[in-house]
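Examination of the molecular architecture
Residue strings, one per chain:
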Amino acid sequence: MGKDAICMEEFLQDKERFADLFNGSLFLGKRVILPEELLSASEKYAEQREKESPLQKKRRERDVKMYLSCGTQLRILAVEAQKYVDYSMPVRCMNYDAQEYMKQLRELQQKNNRLILEKQVMPTTAERLCRVMKTDRLHPVYTMCLYYGREPWDGPRDLWHMMNFEAAGRGREDSLLFRDYPMWLVCVNEQTDLSHYHTDIREVFQILNCRGNKQGILNLLQDKAYGNLTEETWETIATLTDWPELLKKKKRYQKTEEEGEGYDMDSAWKEILADERARGREEGREEGREAGREEGRKKEKTSIIQNMINRNFTDKDIRAAVKCRQKTIDEVREKNACQAAR
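Residues numbered from 1 in each chain as written. Predicted model: local features only at pLDDT ≥ 70, side-chain atom pairs only at ≥ 80, totals over all residues. Heavy atoms only, no water.

Moving on to helix 8 (residues 231-240). Most of helix 8 sits out of view: 7 of its 10 residues are buried. Asp242 occupies a position one or two residues after helix 8 and carries a positive phi of about 60°. (Buried < 20%, exposed > 50% of the residue type's maximum accessible area, 1.4 Å probe, protein only. Helix = DSSP H or I, 4+ residues; strand = E, 2+ residues; numbered from the N terminus.)

Our focus in this paragraph is the environment of Arg179. Take Arg179: it is sitting in the loop between helix 5 (171-177) and strand 7 (184-187). As for Arg179 and Leu159, which are separated by 20 residues in sequence, their C-alpha atoms are 8.8 Å apart.

Moving on: unusual backbone geometry. Across residues other than glycine, the phi torsion is negative in most instances, and most of the peptide bonds are trans. The phi torsion at Lys119 lies on the positive side, around 60°, for a residue other than glycine. For Lys119, the location among the structural elements is in the loop between helix 3 (89-117) and helix 4 (125-130). Positive phi outside glycine occurs at Asp242, with the angle close to 60°. Structurally, Asp242 is set in the loop between helix 8 and helix 9 (244-248).

Checked against the element boundaries, Thr199 lands in the loop between strand 7 and helix 6 (201-208). By relative accessible area, Thr199 is classed as buried at 19%. Not counting residues up to four positions away in its chain, the partners in contact with Thr199 are Glu16, Arg17 and Asp20. (Contact = heavy atoms within 4.5 Å.)

On to the pairing of strand 4 (residues 64-70), then. Across 3 bridges, strand 1 (residues 38-40) lies against strand 4 in antiparallel orientation. Pairing of Ser40 across the sheet is with Met66, part of strand 4. (Pairing = 2+ DSSP bridges.)

Within the secondary structure, Arg150 is located in the loop between strand 6 (141-147) and helix 5. Using a relative accessible area of 54% as the deciding quantity, one classes Arg150 as exposed. Considering only alpha carbons, one finds Arg150 and Cys210, 60 residues apart in sequence, at a separation of 9.6 Å. With sequence-adjacent residues up to four places away left out, Arg150 is seen in contact with Asn189, Arg211 and Gly212.

Another aspect to go through is the confidence of the model for the protein. Here the protein shows a mean pLDDT of 84. Residues at 70 or above account for 85%. Under a pLDDT of 50 for its full length, residues 53-57 has, in the predicted model, 8 contacts with residues more than four places off or in other chains. (pLDDT = per-residue confidence, 0-100.)

Summed over the entire model, instances satisfying the criterion amount to 0 disulfides. Residue Cys187 stays outside any disulfide, its sulfur separated by 7.3 Å from that of Cys145, the closest cysteine. A relative accessible area of 3% means that Cys187 is categorised as buried. (Disulfide = S-S within 2.5 Å.)

Formed by 47 residues in total, the largest nonpolar core has its most connected members in Leu12, Leu21, Val79, Leu146 and Phe205. Top element by residues in this core is helix 6. It accounts for 5 residues. Apart from residues lying up to four places away in sequence, Val79 is in contact with Leu12, Phe18, Leu21, Phe22, Asp63, Val64, Met144 and Leu146. (Core = buried A, V, L, I, M, F, W, Y, C linked by side-chain atoms within 4.5 Å.)

Counted according to the given criterion, the structure contains 14 salt bridges. Between Lys103 and Glu107 there is a salt bridge, with its nearest N and O atoms 3.2 Å apart. Of this pair, Lys103 and Glu107 both sit in helix 3, separated by 4 residues, roughly a single helical turn. We classify Glu107 as partly exposed; its relative accessible area is 44%. Of the charged contacts, one joins Lys250 and Glu235 as a salt bridge, the two residues approaching to 2.6 Å between their closest N and O atoms. Linking Lys250 in the loop between helix 9 and helix 10 (265-310) with Glu235 in helix 8, this pair joins segments that are 15 residues apart in sequence. A residue is classified by how much of its surface remains accessible, and Lys250, at 11% relative accessible area, is buried. What makes Glu235 partly exposed here is its relative accessible area of 28%. What emerges from the salt-bridge pattern is a single network uniting Lys3, Asp4 and Lys83. (Salt bridge = Lys/Arg side-chain N within 4 Å of Asp/Glu carboxyl O.)

Another aspect to go through is the sheet that holds strand 4. One open sheet accounts for 5 strands, arranged 1-4-5-6-7; its pairing is mixed. Looking at the sheet topology across the chains shown, the edges are occupied by strand 1 and strand 7. Each neighbouring strand pair of the sheet contributes to a mean axis angle of 25°, computed without reference to strand direction. This element, helix 1 (residues 3-12), spans strand 4, strand 5 (73-82) and strand 6 of the sheet and lies at about 15° to strand 4. Contacts between helix 2 (residues 15-26) and the sheet are confined to strand 1, strand 4, strand 5, strand 6 and strand 7, with strand 5 contributing the most and set at about 90° to the helix. (Axes fitted to C-alpha atoms, helices over the stretch in contact; angles between N-to-C directions.)

Taken as a whole and judged by the stated rule, the model has 7 aromatic pairs. Where Tyr147 meets Trp153, the ring centres are 5.2 Å apart and the plane angle is 70°; that geometry is what we call edge-to-face. Classification of Trp153 as buried rests on a relative accessible area of 6%. Seen in terms of ring centroids, Trp160 and Phe178 are 6.1 Å apart; in terms of plane orientation they differ by 70°. Their pairing is edge-to-face. Of this pair, Trp160 sits in the loop between strand 6 and helix 5 while Phe178 sits in the loop between helix 5 and strand 7, and the two are 18 residues apart along the sequence. Through pairs of rings, three or more aromatic residues link up here, namely Phe18, Phe22 and Trp184. (Phe/Tyr/Trp six-rings, centres within 6.5 Å; stacked < 30°, edge-to-face > 60°.)

Structural data, given as structure tokens:
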């Protein structure tokens, strides 16, 4: 797992941000999901592949998962964060959800086995066979794919667009029978109005949408929120936008307790740009000096060749002494001939 993925997952483990991500993406910022109703539940699933023994299982891990408890109701919310387009994402999300439902089903079956053995319930034949009671219910699972990459998402957004209905020559008939599995995709680079977010998710998403646009970032940093970022938000922005200078100079831009103890990214970004311009000017001056030195060396070599031609040295001797090509000697002779003709 790359540093960007780890950084984003750690950022979203905060319950305030997690709730804000769902509320801002699904409910236009309305506080439907409350942080105090969330319980962290990130975990791994053991998945057995076909033709493999029970001991050969692949572990699948949810990026961020939380339980949402509203009274007696329980829901499961999960986020799969993606930096790059994944053309298998609808199947992946469906598989994660299926694994979650299988986990719940196994827990129900284990509970019912115990109740049946203790004769606390009298199951019907059908209930005994499947070990699931007619009144049993599963908790709904909601999986969001959060894409924060630079390139537009050009992958499928549901299972339908991964299907090849035309292969059998009965595309229309097959498609009518098919039951789709849509993916809940949130693309940061498709969002133009981020006012629905009320935590520092907004600052992070805005910066991500300005990657590669220095003037856009300068304009964005006029927002007072960027003058007082938390340490975690600062590190998240620095990591996801690949600004190592921000990480190196973090302490330099930390405010005092009287100023608010936050981090001032506006000042940091302006100083980084000033340093880049200064380096560019110095590099330009050095390139100019090097070009001047090269021109001087070229004139000196031409003068030596000219003197040797005047003293009737052979071209072979000139090439050996000056370490030049025959073409250079010919050019000097041609120049002499032009001057003599005038």
